[in-house]
Amino acid sequence: MKKYIFQADVVRCLAILFAIGVHLVTPITARPDFFGGKIWWLTFLLNCLFRIGVPFFVILSGYLTLGKETTIKQNFEKVKKRILIPLVSFYIIFNLVYMLMANLRHEYFDYWGIFHNLSKNTHTTLYFLVVLLFIQLLNPLWNLLTNKENKSLLKYICNFFLILAAVAYVFYYLSLREGEVFSTFTLWIMWLGYYLYGYIVKNKEALMTKKETIFYLIMFMVGYVFTVGGGYITLWLFHNNINSLFYIGGQSYTDAYLSISVMIMAISGFNLLMRNNLTKKIEAFSYLKKPIVFMAGISFALYLTHLLIMDTFSKFFGITPDSSTMPGIGGYLIINTFLTFLFAIPIAFVIRKIPILKKVVGE
């Protein structure tokens, strides 16, 4: 029987809330004309925190997946069911929906882009599934590293890929600024360090010592301060037309999931949530446990559907920061957040209850 790990549900719940949160606040933080206002500061500070959501998913995946005995065939069947089918299904769904949206709004739709995007991290949030697909197809290889005699080798390879990702993203902003630097077929390598680190945490003592708790709390705050400070400086320089060195395509370096500061936050935060006794104590309170377990259970369906819901409201109902129908950007933020969860949660819940739809989201 599978051992239930409540802390994993806590991480999964926060991860999906943060992943959706990024898409809720980005329309404000990425707008230079809103720069420096009270609502902008609120969304900016939240955005810096929310950036650990997707790394949480990858680290947790390694934590829950690695170290289990499985054959190559069993692993392929599991990956096909949990990742490949949802990826293919939602790539088709995303393109059909956006094609329909474009036709209804009498806008241009790039039909050839359906094929061109296959080599450019597929479509929007689906890059996450592409990353997991390539990584988990090689689980039989990574599982060799989980043998006791390979403990030091696992740490070495994990650190190698974490450092590789950090260095690659620094150089991406410093020099490799043209074109698609990371494609569908290469991006996953940058995330492997996170994935392997999940298993390293699994092998640590279940409860951290007081010293460890203090250490990870300090490291988390250091990472957050650098994310906020570096992000603000980058945006200030860009907003004042002084320098755009660490700002590409609407995203500053410290916003990147593989930036050094976000790495520090994600790794520290994951340890604090998975190994701190406080998280475990929450399980004793049913009024806290039940909503956490519920949100964790529908997290994957929420991840796959929330952006479609947000884009529908944006394109057809004027739910945008600068819409004349919105009572300011503060009102927009509240309305968009409320409507997104109001529709996304029931839809995700229904999907998990209908067998054929459940297969589409890999359940």
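Whatever comes next refers back to the structure up there.
Residues numbered from 1 in each chain as written. Predicted model: local features only at pLDDT ≥ 70, side-chain atom pairs only at ≥ 80, totals over all residues. Heavy atoms only, no water.

This brings us to helix α13 (residues 286-297). When the terminal C-alpha atoms of α13 are compared, their 16 Å separation across 12 residues agrees well with the 16 Å that a helix rising 1.5 Å per residue should span. Restricting attention to buried positions, one finds in α13 the residues I292, M295 and A296. The buried residues of α13 occupy an angular sector of 100° when the element is viewed end-on, so they sit on one face. Pointing more than 90 degrees away from the buried face of α13 are the exposed residues Y287 and K290. Its buried side turned inward, α13 meets α1 (6-29), α12 (277-282), α14 (299-317) and α15 (328-353). (Helix = DSSP H or I, 4+ residues; strand = E, 2+ residues; numbered from the N terminus. Expected span 1.5 Å × (residues − 1). Buried < 20%, exposed > 50% of the residue type's maximum accessible area, 1.4 Å probe, protein only. Arc of directions from axis to C-beta. Contact = heavy atoms within 4.5 Å.)

The first and last C-alpha atoms of α1 sit 33 Å apart over 24 residues, in line with the 34 Å expected at 1.5 Å per residue. Its maximal kink placed at H23, α1 deviates by approximately 25°, while the proline P27 follows within four residues. In terms of burial, α1 is largely enclosed, as 18 of its 24 residues are buried. (Bend = angle between axes of the 7 residues up to and from the residue.)

What follows deals with the nonpolar core. If you look at the biggest cluster of nonpolar residues, it comprises 121 residues, and the most contacted ones within it are F128, W142, Y169, W191, Y194 and F270. Examining the composition of this core, we find that 14 residues originate from one element, α1, more than from any other. Dropping the residues within four chain positions of it, W191 is found in contact with V54, P55, V58, Y127, V131, I135, Y257 and L258. (Core = buried A, V, L, I, M, F, W, Y, C linked by side-chain atoms within 4.5 Å.)

Counting across every chain of the model gives 5 salt bridges. Linking D9 and R12 is a salt bridge whose minimum nitrogen-to-oxygen distance equals 2.7 Å. Here D9 pairs with R12, and both are found in helix α1, just 3 residues apart, close to one helical turn. The exposure class of D9 is buried, given its relative accessible area of 8%. R12 sits in the partly exposed class, given a relative accessible area of 21%. (Salt bridge = Lys/Arg side-chain N within 4 Å of Asp/Glu carboxyl O.)

So yeah, pure geometry; function would need other evidence.
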